Amino acid sequence: MSIEVQNLTKTFLDLRRGEVTAVDRVSFSCRAGEIFGLLGPNGAGKTTTLRMLSTVLKPTSGRATIAGFDVVRDAAAVRQNIGYMSASTGIYDRMTAWELVEYFGRLYGVPRDRLRERMEFLFDTLQMNGFRDVLGSKMSTGMRQKVSIARTIVHDPPVLIFDEPTAGLDVLVARVVLEQIKSLRDQGKCIVFSTHIMREVEKLCDRIAIVHRGRILAMGTPTELAFEHCELDLEELFFELIRQDDATAFSLENAAGS
Amino acid sequence: MTWSNIKLIFLRELRDQLRDRRTLFMIIVLPILLYPSIGIGLVQFTVLFVEQPRQVVVIGREHLPDFPPLIESGGERFVPELFDVPEEADKLRIVSDNDAKNKLESGDVQVILIVPPEIKEQIAAGQGFRWQTLYNSADEKSRVAYLRLKEALDNWKQQIIRSRIEAEALPPDFANPFVLAPQDIATPQQVSGGLIWAKLLPFLLVVMSLTGAFYPAVDLCAGEKERGTMETLLISPAGRGEIVVGKYLTVCVFSMATAALNLASMAATGWVVARQLSGAVPTGAPLTMLAPPSMASAGWILLFLIPLAAFFSALGIALAAFARSTKEGQYYLTPLFLVTMPLVLVTLAPGVELNAFYSVVPVTGAALLLKTLIQGQYGLALEYFLPVMLPTLLYAVLALRWAIDLFNREEVLFREAERTDLWLWARHLIRDKGPFPSGAEAMFCYGIMLMLVWFLGGFLAPPGNVDEAGRRAALQRSLIVMQIAFVAAPSLIMAAMLTTRARLSLLITRPRVKYLAVAFLLAVLLHPIIVEAGQHIHRGFPPQPKWIEEQLRDVLAGPVWWQLVLIALLPAVCEEIAFRGFILSGLLRRMSPPTAIIVSGFLFGFFHMNPQQLLTATVLGWVLGIIATRSGSLLPGIVFHFVNNSLAVLMSTFQNHLDESARNGVDAGALRTIFDRLFRQPYSDRVVFQVPYAVPVLVLCGLVVTAALTWLIKQPYRSPAIVGEAAHDGEFPDELDERSPSGGFGLNSIANSPINPLAQDPRDATV
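Residues numbered from 1 in each chain as written. Chains lettered and ligands numbered in written order. Predicted model: local features only at pLDDT ≥ 70, side-chain atom pairs only at ≥ 80, totals over all residues. Heavy atoms only, no water.

1. Side note on the overall build of chain A
When helices and strands are counted, chain A shows nine helices and ten strands. In summary, chain A has a C-alpha radius of gyration of 19 Å against a globular reference of 18 Å for 258 residues, a match within 12%. C-alpha extents for chain A along the principal axes are approximately 65 × 40 × 35 Å. For chain A, with 258 residues in total, the buried portion stands at 54%. Contacts in chain A between residues at least 24 apart in sequence constitute 66% of all its contacts with a sequence separation of at least 6. As displayed, chain A offers around 11700 Å² of accessible surface, 50% of which is attributable to carbon and sulfur atoms. Taking the 32 positively charged and 34 negatively charged side chains of chain A as two groups, their mean positions are separated by 6 Å. (Helix = DSSP H or I, 4+ residues; strand = E, 2+ residues; numbered from the N terminus. Rg over C-alpha atoms; globule rule 2.2 N^0.38 Å. Buried < 20%, exposed > 50% of the residue type's maximum accessible area, 1.4 Å probe, protein only. Contact = heavy atoms within 4.5 Å. Areas by Shrake-Rupley, 256 points an atom, 1.4 Å probe, with all protein chains shown as cover. Lys, Arg positive; Asp, Glu negative; His and termini not counted. Charge placed at Lys NZ, Arg CZ, Asp CG, Glu CD.)

2. Things to note about the overall build of chain B
Helix and strand counts for chain B stand at 31 helices and four strands. For chain B, the proportion of its 767 residues judged to be buried stands at 46%. Accessible surface, chain B as shown: approximately 38600 Å² in total, 65% of it carbon and sulfur.

3. Structural notes on unusual backbone geometry
Residue and element names in this part refer to chain A. The backbone of A67 sits at a positive phi, close to 55°, despite the residue not being glycine. Take A67: it is sitting in the loop between strand 4 (61-66) and strand 5 (69-70). For C230, which is not a glycine, the phi torsion comes out positive at approximately 50°.

4. Focus on the nonpolar core
Grouped together as the largest cluster of nonpolar side chains are 153 residues, with contacts concentrated most on I3, I66, Y103 and V147 of chain A together with L205 of chain B. At 15 residues, the largest contribution of residues to this core is made by helix 6 (residues 188-227) of chain B. What I3 of chain A contacts, discounting residues up to four positions off in sequence, is F28, S29, C30, T65, I66, V159, C190 and V192 of chain A. Grouped together as the second largest cluster of nonpolar side chains are 40 residues, V487, L504, L506 and L587 of chain B included. (Core = buried A, V, L, I, M, F, W, Y, C linked by side-chain atoms within 4.5 Å.)

5. Thoughts on the pattern of salt bridges
Under the definition given, this model contains 32 salt bridges over all chains. Between D24 of chain A and R25 of chain A there is a salt bridge; the shortest N-O distance is 2.9 Å. For R25 of chain A, a relative accessible area of 54% gives the class exposed. We note a salt bridge from E179 of chain A to R175 of chain A, for which the minimum N-O separation is 3.5 Å. Of this pair, E179 of chain A and R175 of chain A both sit in helix 6 (residues 171-186), four residues apart, roughly one helical turn. Linked through salt bridges whose partners overlap, the residues forming this network are R94 of chain A together with R12, E13, D16, D20, E224 and K247 of chain B. (Salt bridge = Lys/Arg side-chain N within 4 Å of Asp/Glu carboxyl O.)

6. Concerning helix 18 (residues 439-460) of chain B
Residues and elements named next belong to chain B. Taking 1.5 Å as the rise per residue, helix 18 with 22 residues should run 32 Å; its terminal C-alpha atoms sit 31 Å apart, in good agreement. The largest bend in helix 18 is about 35°, located at W454. Turning to helix 18, its buried residues number three or more, namely G439, E441, A442, C445, Y446, M449, L450 and V453. Where helix 18 is buried, its residues meet helix 17 (422-431), helix 19 (468-498), helix 23 (560-590) and helix 24 (593-607). (Expected span 1.5 Å × (residues − 1). Bend = angle between axes of the 7 residues up to and from the residue.)

7. As for the confidence of the model for chain B
Residues and elements named next belong to chain B. Averaged over all residues, the pLDDT of chain B is 80; the fraction at 70 or higher stands at 83%. Considering each helix and strand of chain B separately, the mean pLDDT is smallest for helix 31 (residues 735-738), with a value of 44, and largest for helix 1 (residues 3-18), with 93. Reported for the predicted complex are a pTM of 0.76 and an ipTM of 0.91. (pLDDT = per-residue confidence, 0-100.)

8. Let's talk about the packing of aromatic side chains
Aromatic rings considered in pairs are described by the distance between their centres and by the relative angle of their planes. Residue and element names in this part refer to chain A. Counted according to the given criterion, the structure contains 19 aromatic pairs over all chains. Relative to F36, the ring of F28 lies with its centre 4.7 Å away and its plane at 5°, an arrangement referred to as stacked. Overall, the relative accessible area of 3% leaves F28 in the buried class. Exposure remark for F36: the relative accessible area of 0% places this residue in the buried category. On the numbers, 5.2 Å between centres and 70° between planes, the contact of Y103 with F104 is edge-to-face. A relative accessible area of 1% places F104 in the buried class. (Phe/Tyr/Trp six-rings, centres within 6.5 Å; stacked < 30°, edge-to-face > 60°.)

9. With respect to the interface of chain A and chain B
At the junction of the two partners, chain A supplies 36 residues and chain B supplies 38 residues. Taken over both partners, the interface formed by chain A and chain B buries close to 3500 Å², and the fraction arising from carbon and sulfur atoms is 55%. Counting the contacts that link chain A with chain B gives five salt bridges. In this structure, the salt-bridge partner of D20 of chain B is R94 of chain A, at a minimum N-O distance of 3.9 Å. Taken together, the connections running from chain A to chain B amount to twelve residue pairs in polar contact (both at pLDDT 80 or more). Within the residue set of the side of chain A that touches chain B, elements represented by two or more residues are strand 1 (3-14), helix 2 (75-81) and helix 3 (97-107) of chain A. Its residues assigned to classes, the side of chain A that touches chain B comprises 15 nonpolar, ten polar and eleven charged. (Buried area = accessible area lost by both parts, 1.4 Å probe. Polar contact = N/O pair within 3.5 Å; in protein donor to acceptor, adjacent residues only side chain to side chain. Nonpolar A, V, L, I, M, F, W, Y, C, P; charged D, E, K, R; others polar.)

10. Notes on the sheet that holds strand 3 (residues 34-39) of chain A
Residues and elements named next belong to chain A. The strand order across the open sheet formed by six strands is 6-7-8-3-9-10, and the pairing between neighbours is mixed. Sheet topology places strand 6 (82-85) and strand 10 (215-220) at the edges, where each strand pairs with a single neighbour. Neighbour to neighbour, the strand axes of the sheet diverge by 15° on average, direction disregarded. One ladder, built from four bridges, connects strand 6 with strand 7 (residues 159-163); its direction is parallel. Counterpart to G83 in the pairing with strand 7 is L160. Here helix 5 (residues 141-153) sits on the sheet in contact with strand 6 and strand 7, set at roughly 160° to strand 6. (Pairing = 2+ DSSP bridges. Axes fitted to C-alpha atoms, helices over the stretch in contact; angles between N-to-C directions.)

11. Focus: the side chain of S194 of chain A
Residue and element names in this part refer to chain A. With respect to the helices and strands, S194 occurs in strand 8 (residues 190-195). A polar atom in the side chain of S194 sits 2.8 Å from the side chain of D163. Aside from chain neighbours lying at most four places away, what touches S194 is L38, K46, L50, F162, D163, E164 and P165.

12. Details of the environment of V723 of chain B
Secondary-structure assignment places V723 of chain B in helix 29 (residues 720-723). Overall, V723 of chain B belongs to the buried group, its relative accessible area being 2%.

13. Some thoughts on the packing of helix 3 of chain A against helix 4 (residues 112-125) of chain A
All names here are of chain A. The interhelical angle for the contact between helix 3 and helix 4, taken along N-to-C directions, is 135°, at an axis separation of 10 Å. Comparing their axes, helix 4 and helix 3 come out oblique. Between helix 3 and helix 4 the crossing geometry is right-handed. Only R112, L115, R116, M119, E120 and F123 of helix 4 make contact with helix 3, whose side of the interface consists of A97, W98, V101, E102, G105 and R106. Its residues assigned to classes, the contact of helix 3 with helix 4 comprises six nonpolar, one polar and five charged. (Parallel < 35°, antiparallel > 145°, perpendicular 65-115°, else oblique. Left-handed = near helix turned anticlockwise from the far one by under 90°.)

14. Focus on the packing of helix 24 of chain B against helix 25 (residues 611-631) of chain B
Residues and elements named next belong to chain B. In contact at an axis separation of 7 Å, helix 24 and helix 25 are set at 140° when each is read in the N-to-C sense. Relative to helix 25, the element helix 24 lies oblique. Helix-helix and strand crossings are classified by hand; for helix 24 and helix 25 the assignment is right-handed. Facing I597, I598, G601, F602, F604, G605 and F606 of helix 24, the residues of helix 25 in contact are L614, A617, T618, G621, W622, G625, I626, T629 and R630.

15. A short note on the state of the cysteines
Enumeration according to the criterion identifies zero disulfides over all chains in this entry. Among the cysteines around C30 of chain A, which has no disulfide bond, C190 of chain A carries the closest sulfur, lying 3.0 Å off. According to the relative accessible area criterion, C30 of chain A is buried, its value standing at 0%. Here C221 of chain B stays unpaired: no disulfide links it, and the sulfur of C252 of chain B, its closest cysteine neighbor, is 13 Å away. (Disulfide = S-S within 2.5 Å.)

16. What to know about the pairing of strand 8 of chain A
Residues and elements named next belong to chain A. Across the six residues of strand 8, six count as buried, placing the element largely inside the fold. Taking every second residue as pointing to the same face, both faces of strand 8 are buried, with C190, V192 and S194 on one and I191, F193 and T195 on the other. Pairing of strand 7 with strand 8 involves five bridges; the strand directions are parallel. Bridging from a neighbouring strand, F162 pairs with F193 of strand 8.

17. Here's the deal with the sheet that holds strand 4 (residues 132-135) of chain B
Residue and element names in this part refer to chain B. Spatially, 2-1-3-4 is the arrangement adopted by the four strands of the open sheet, whose pairing is mixed. Every interior strand has two partners, whereas the edge strands, strand 2 (92-95) and strand 4, have only one. Each neighbouring strand pair of the sheet contributes to a mean axis angle of 25°, computed without reference to strand direction. By the bridge criterion, four bridges tie strand 1 (residues 54-59) to strand 2 in an arrangement that is parallel. Opposite V56, over in strand 2, you have I94 as the bridge partner. Across the sheet, helix 5 (residues 140-167) lies against strand 1, strand 2, strand 3 (111-114) and strand 4, angled at about 35° from strand 3, the strand it touches most.

Below, the structure written as structure tokens:
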């Protein structure tokens, strides 16, 4: 098992709303050579969960283990073994593509000669040789995404975490990104992938968890989910689950009195 | 923390900043262009300024005697020989005007000289007379002109005296027994160094390293958050400490570079300007002012760049880490300036010299040391080199640790914009109160206490027009009010309002007897050591003003039991409630126990607002903190505090008794023997706090105190804020002893407590 998450919870304090539970006892696991998808609307808690896995946030309770390391106790070791990419991990404006990937490669401790080889390989595979020496501020969105991907995998981590990697991308660039993710899975990586786009889930994910309001509503392979809820269309299944959950929440609120 | 990661981050940030064109311009090009422009403007200005002569109106010019001559034959200026430097005659121009008085007020003329009509007769008759001159001291020009005129008139007076002496055939130096022939051993460089550069350069250096550190710090921390690259760095294997130190080094480089470039440019400009001005102005006193600083001074400045840059960079990084955008970060510069400026301007005050107290004050110590070096007082500088440098570096390290702590806090790194709503926030404080106060509440309480004492303390002072008994009563009353209302009350009120377990927050629990015994013992045996330390400290500090000693004497009058209540019991209870109760509990929520104890000690020491007491009070605060955290109760601390203060009172009573016996000629007998054994100076009438103890007594006390403190430190923590309220809800929490003792300063026993280690006090999120 490469990722094990047990009852992960994160609560914040909002002055207005009081204590807000962003992630509520989430549990799942992910193996090597598998893409695990977190599917849910905005505000479901996907980003917070993934941030906890990347050790940037600390869980309020619960445990998570990545590649055998606990995210709280062995945070540095966890970071060494993951590649994390999200909308909030940007690239430096005043560094060229090559410099940036090299910088992070060095930070991840890749030895210098290996680093050169690896970077040549990456730049070839991702077709980035055209803009090796372009500054970050002058790149197009597609170039930036590729640089981010290169940065994410430069140290060949066994575990990869992608938080809405195709957000804001056009169809062509998004396709490239998704193909990269698929090939990484084929190389035996353990990948967690969050999105709210149905098509991506259908094409990529081996197993899915549907999240809403910080809780997992359903989890399993697409086939299992279809059987369980008697619904072949993933999209319909998704909306039905969300609707049910909203209804329960609404009636609970009314029963308790606001 | 690995050096390789730090180096990687440092070099990248450095290269990144240097690639920013605007940064390069501000740091390198601007100083090189700016100062020469100012210098050229200054030269033009000064040249113009120098050439304006001042107008003097002489009314009654016709009455002046022909000999000795006052006004030159042309009638335009005074006789040049009357001035020390003859060319100065050109600076005063004599005009005639009918409307002289109004012109004086409006500033058109600077001085009016009214010659009395009978002046010739009065001089001839040897009569003294008053010579009226009118000038305007509020106007700088008029004042200077008057002084020049006075110089000329004084010399004219000497000429008259000389002619009278000649007339009487007396020796020529009859009226002038001697003339002072001063020889100034200072070179012009030393004069200008002492007068100008020693004051100006430390100030400039502080300002430049501060601003040079602050802007890059804001860009590297808050700016990176804004640009969205902070998270990319945070998910890399680099630890938070490595990230902070890497950025810190970059900011240091920029701070030093900014200060060095600015100062070099200023120096070059100053040198050129001095040469230009020397061409325009005749030699004289003003020019020595502009002698450039010696090479040694330049060396010292460059050396001092390092500690100042280190300190300001650390502070800048910490504040910038706190800001969530560059805009917010830049707002923090103003308060930082407002705090730093007085610290550096105080070095310009005449009475301020390098001593033990000032060397530990941040910024002031370094500025004073630099001033001493520039003035060439190397002996003094060497003596205070370490006392200044070590604290400065310590402060830098503390600021860096604070920055690293901020980087570890999610609420700081991922702060989102929130609409401030005071009502909601206040309601949240009260509604969501935890069992113990938060760190911010503790500091707020301390702030309130300070303000109450500063602002309302004045009202408690006795009025000036009462007799001694009345003054004593007023003084005692003010002591009582201060302790109860200003020290204890804020803590009590805040504990009641803001915590659910006020009793535990204030450490009102029953301690085990052994702690009471140890506290008593420590207080008694620590007393001689404190007195001894006090003796040595007094030497390094400015002496306590007389009125404080008199006040103490006043309060010490009256029956012994009342003195004990006033000086020992009341402060013991109130100060313990505040410092070891509320404030320490709050600090313990925010920092590790050793840090909390150290900080509470400093707060306690500073509260006494008395340089002499500051050090002893801080150390006592540490001891009291150790006692409170290990015993989990306020009572041992109160005992310690009470005994410590009582000893001062009792010693005074002891002395008074011996005084009386000596006065009455009675042999004090046994008491006298005790005195001689305890103290190492012969009995005499001294203020009670300064009797030094005998050396064997000190050694014995030192050993026992060390043993007692070591034992105490090894005890497990019992303070409710550390071990949690559950552990304290039994009267004697025996389980605490079965747990492994904390042994030394390091262990955090939160891991052993029944409370979930990951649970956070929800209020921590909003600080």
